[in-house]
Amino acid sequence: MTGSRALSLNTLVRLQRGLFTPPAPLRRLPVPDGMTAPMGCDAVAVPARFGPLVMPRLPRVGCVYADEAHWWWLVPSDSDYALEWPAPARYDTGAVVPDAPASPGLIHRPDGTLPYTPPIPLYLAVCRLTDTTPSWSRPVTA
């Protein structure tokens, strides 16, 4: 092979780094000042058109964030355990909102120091709005 040249490991590493695009910064919904989240925080997102329909169906509303596309409710960590959140809802572990173009704004802050919306009433409200049978009511198949 005339005219070929061997590439050093340093050159290969530099080339690989040039191809790497750093990930977008993670946007995490913040717990407001003066509030504590002793159980950690996750978030449940629904399309913005569903947000105003979910709110009145809840016995207690915790922190709610919104932008033009979605509304997010803070829930205790692991609130997705044994629950299949119905589409188009989405469960965001760590309250990280990966597709938000900017940090969503806080539109509801509850009284007290806990930021959580109870996850079971939220789950039932979302199931009702999406005409989805809750996972524990579905027939078991073998």
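Above: the structure in question.
To start, this report covers the structure provided alongside it. (Residues numbered from 1 in each chain as written. Predicted model: local features only at pLDDT ≥ 70, side-chain atom pairs only at ≥ 80, totals over all residues. Heavy atoms only, no water.)

To continue, consider unusual backbone geometry. Going from alanine 87 to proline 88, the amide bond is cis rather than trans, its omega being 10°. Structurally, the position occupied by proline 88 is in the loop between β3 (70–76) and β4 (90–92). Despite not being glycine, aspartate 78 shows a phi value in the positive range, around 70°. Within the secondary structure, aspartate 78 is located in the loop between β3 and β4. Judged by relative accessible area, which is 58%, aspartate 78 ranks as exposed. Non-glycine residue alanine 95 carries a positive phi angle of around 55°. Along the chain, alanine 95 falls in the loop between β4 and β5 (105–108). In this structure alanine 95 comes out as buried when scored by relative accessible area, which is 0%. (Helix = DSSP H or I, 4+ residues; strand = E, 2+ residues; numbered from the N terminus. Buried < 20%, exposed > 50% of the residue type's maximum accessible area, 1.4 Å probe, protein only.)

Turning next to the packing of aromatic side chains. Counted according to the given criterion, the structure contains three aromatic pairs. Ring geometry for tryptophan 71 versus tryptophan 73: centroids 6.0 Å apart, planes at 40°, classification tilted. Just as tryptophan 71 is buried, tryptophan 73 falls in that class too. Taken together, the ring pairs connect Trp85, Tyr91 and Tyr123 into an aromatic cluster. (Phe/Tyr/Trp six-rings, centres within 6.5 Å; stacked < 30°, edge-to-face > 60°.)

Now for the state of the cysteines. What the rule picks out here adds up to zero disulfides. Of all cysteine sulfurs in the structure, the one in cysteine 63 sits closest to cysteine 41, which takes part in no disulfide; the separation is 7.9 Å. By relative accessible area, which is 13% here, cysteine 41 ends up buried. Overall, cysteine 63 belongs to the buried group, its relative accessible area being 0%. (Disulfide = S-S within 2.5 Å.)

Another point: the sheet that holds strand β2 (residues 64–66). Strands sit in the order β4-β1-β3-β2-β5 across an open sheet of five strands; the sheet is antiparallel. The sheet is open, and its two borders are formed by β4 and β5, each paired with just one other strand. Between one strand axis and the next, the sheet turns by 35° as a mean value, whatever way the strands run. Bridge count between strand β1 (residues 41–47) and β4: three bridges; the pairing is antiparallel. Residue pairing for β4: alanine 43 is matched across the bridge by aspartate 92. Sheet strands in contact with helix α3 (residues 119–129) are β1 and β3, and its direction is about 145° off that of β3. (Pairing = 2+ DSSP bridges. Axes fitted to C-alpha atoms, helices over the stretch in contact; angles between N-to-C directions. Contact = heavy atoms within 4.5 Å.)

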